[in-house]
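Survey of secondary and tertiary structure
Now for the letters of each chain:
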Amino acid sequence: METLGYLIDGFGVALAPHNLMFALLGAFLGTLIGALPGLGPANGVAILIPLAFTLGLAPETALIMLTAVYAGAMYGGRISSILLNIPGDEPAMMTCLDGYPMAQQGKAAEALAISAVASFMGSLIATIGLILLAPILADFALTFGPAEYFALFLLAFATLGGITGKNPMKTVVAACIGLMIATVGIDNTGVQRYTFGVLELYEGVDFIIAIVGLFAISELLFFIEEKAGGGKQKMSVNKLTLSWKDIRAIMPSSIRGGVLGFIAGVLPGAGASLGSFIGYTLEKKVVGSKGYFGKGDPRGVAGPEAGNNGASSGALVPMLTLGVPGSGTTAVLLALLISLNITPGPLMFTQNADIVWGVIAALLIGNFLLLVLNIPLVGIFVKLLSVPPMYLLPIVTMIAFVGIYSISNTTFDLYFMVAFGVAGYVLRKLEIPLVPVILGLLLGPEMEKNLRHAMDISDGDWTILWDSGLALGLWVFAGLGLILPYIVGPLLRRRMQVSTGTGGPEGD
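Here's a quick rundown of the structure.

What counts and how
- Residues numbered from 1 in each chain as written.
- Predicted model: local features only at pLDDT ≥ 70, side-chain atom pairs only at ≥ 80, totals over all residues.
- Heavy atoms only, no water.
- 1 Å grid on protein atoms, 1.4 Å probe; cavity = no way out; pocket = protein on both sides within 12 Å on 5 of 7 lines; lining within 4 Å.
- Points joined across faces, edges and corners; volume = space filled by probe spheres on them.
- Helix = DSSP H or I, 4+ residues; strand = E, 2+ residues; numbered from the N terminus.
- Nonpolar A, V, L, I, M, F, W, Y, C, P; charged D, E, K, R; others polar.
- Expected span 1.5 Å × (residues − 1).
- Buried < 20%, exposed > 50% of the residue type's maximum accessible area, 1.4 Å probe, protein only.
- Arc of directions from axis to C-beta.
- Axes fitted to C-alpha atoms, helices over the stretch in contact; angles between N-to-C directions.
- Parallel < 35°, antiparallel > 145°, perpendicular 65-115°, else oblique.
- Left-handed = near helix turned anticlockwise from the far one by under 90°.
- Contact = heavy atoms within 4.5 Å.

1. Some points on empty space enclosed by the protein
- Tallied over the entire structure, the rule returns four cavities of 30 Å³ or more.
- Space inside the largest cavity adds up to approximately 80 Å³.
- Along the walls of the largest cavity sit A71, Y75, A116, S119, F120, S123, N309, N367, L370, L371 and N374, which together make up its complete lining.
- Going through the elements one at a time, α4 (59–84), α6 (108–141) and α16 (353–374) are the ones with two or more residues in the lining of the largest cavity.
- Among the residues forming the lining of the largest cavity, the class breakdown is six nonpolar, five polar and no charged.

See below:
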């Protein structure tokens, strides 16, 4: 009953006219960004964070808008997958298998509508799971001490590569780079570290500057290098003829995919790619010889769509309750929370209950908004796919520069953002993932603080870090997280390659 009361209060926050307006704006912009191949939800949220600061949004309004961007981008990636056979992001690869054949058969509108309905069901199931599971997990997290939190952060880094990651060692390298950046500034004892006498570095590296530079500016540099024209390949969209009978036929697939996706999202390091893959694989096994997967089976669109959207909402569970992101995009949202002086974790459910439950309520509302928004506006999003990136990316860059300058009103941050953009470009050329860098930067200070606290309590006895059963269990899971990618990962990626005819996805 207490949870229900909090949720009702959350609806009061989410249904405020200005919050509803920004949720609608976020859903629209997210769908647009997701439809552009290569950007994806993590880039979309990172690019639009400066917009939230430029507009001077309240914390709950900024979170509601960017959460809607997240949900919209997860759906938007399917537009280019179905129409162009080009995944908007990695989880959308599985949607290409049956979505594009449907489009070739003149059923593009049906495929897009099925995608919207399945995405709605997956997100709805996962949001209900978030409502039920998050308070329980938050109460459990209150039993954590500094040793347990240190082990939890270690688990987050150990599982970050996920079992679908191509090179777990590069993930570890990226996390170490992030942890090194996190040490810049003045530590708890007043000692300067790696500031080199630069006054602006005394308070450390700003998360938002790092995120916008690594994602948005590096994307611009890649465009300059490749000089991509974009939008040359077009697919016409037929008049929608989807019936209620067709919707009922895909409901079992959507429900199964949503449940599996939610479980995948809650697990650290799994992400939407795994949710999409297992959603598709399960449907092939359940339907068996009665299906025509790979040739335009609607259930081959519904299963992975529900799976990846369920995973994206499920990834919010560990972020809100434990302060540990479950995906790349939630790592970016975690940075936003910290920059707003909001500490994610179990205490957030009491100290910032209005924000937490407002965002959860906004997720429910956003699911309906996306369903209503995307089906009639499919034609508009299709036309936007033909806009060359040479016109879109300068706008993105302008938003990034204006947003960052509005935060601190100093040109140093602009130069710093460009430096991170160049670093992000180099890391991506070396195929080193950017999300672990961000996670190291975000979790590094808290990880160090809990380590210091544990050492103070034990008078320097390191055994306190694994002394309790809970801490020891987290260490064991962290060890498995480092080992399993080398055992299970190659097998799973091989199966993905067989299914898609290409390399497997890495995460959202």
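2. Let's talk about helix α8 (residues 168–182)
- Spanning 15 residues, α8 covers 21 Å between terminal C-alpha atoms, matching the ideal 21 Å at 1.5 Å per step.
- Along α8, the residues that are buried comprise P168, T171, A174, A175, G178, I181 and A182. In an axial view of α8, the angular spread of the buried residues amounts to 130 degrees, which keeps them on one side of the axis.

3. Let's talk about the packing of α6 against helix α10 (residues 244–266)
- In the contact formed by α6 and α10, the axes pass within 8 Å of each other and the chain directions differ by 45 degrees. For the element pair α6 / α10, the angle class is oblique. The two elements α6 and α10 cross, and the hand of that crossing is right-handed. Facing α6, whose interface residues are I114, V117, A118, M121, G122, I125, A126, G129, L130 and L133, α10 presents I247, I250, M251, S254, I255, G258, V259, F262 and V266.
- Considered class by class, the residues forming the contact of α6 with α10 number 15 nonpolar, four polar and no charged.

Nothing here speaks to function; it is all geometry.
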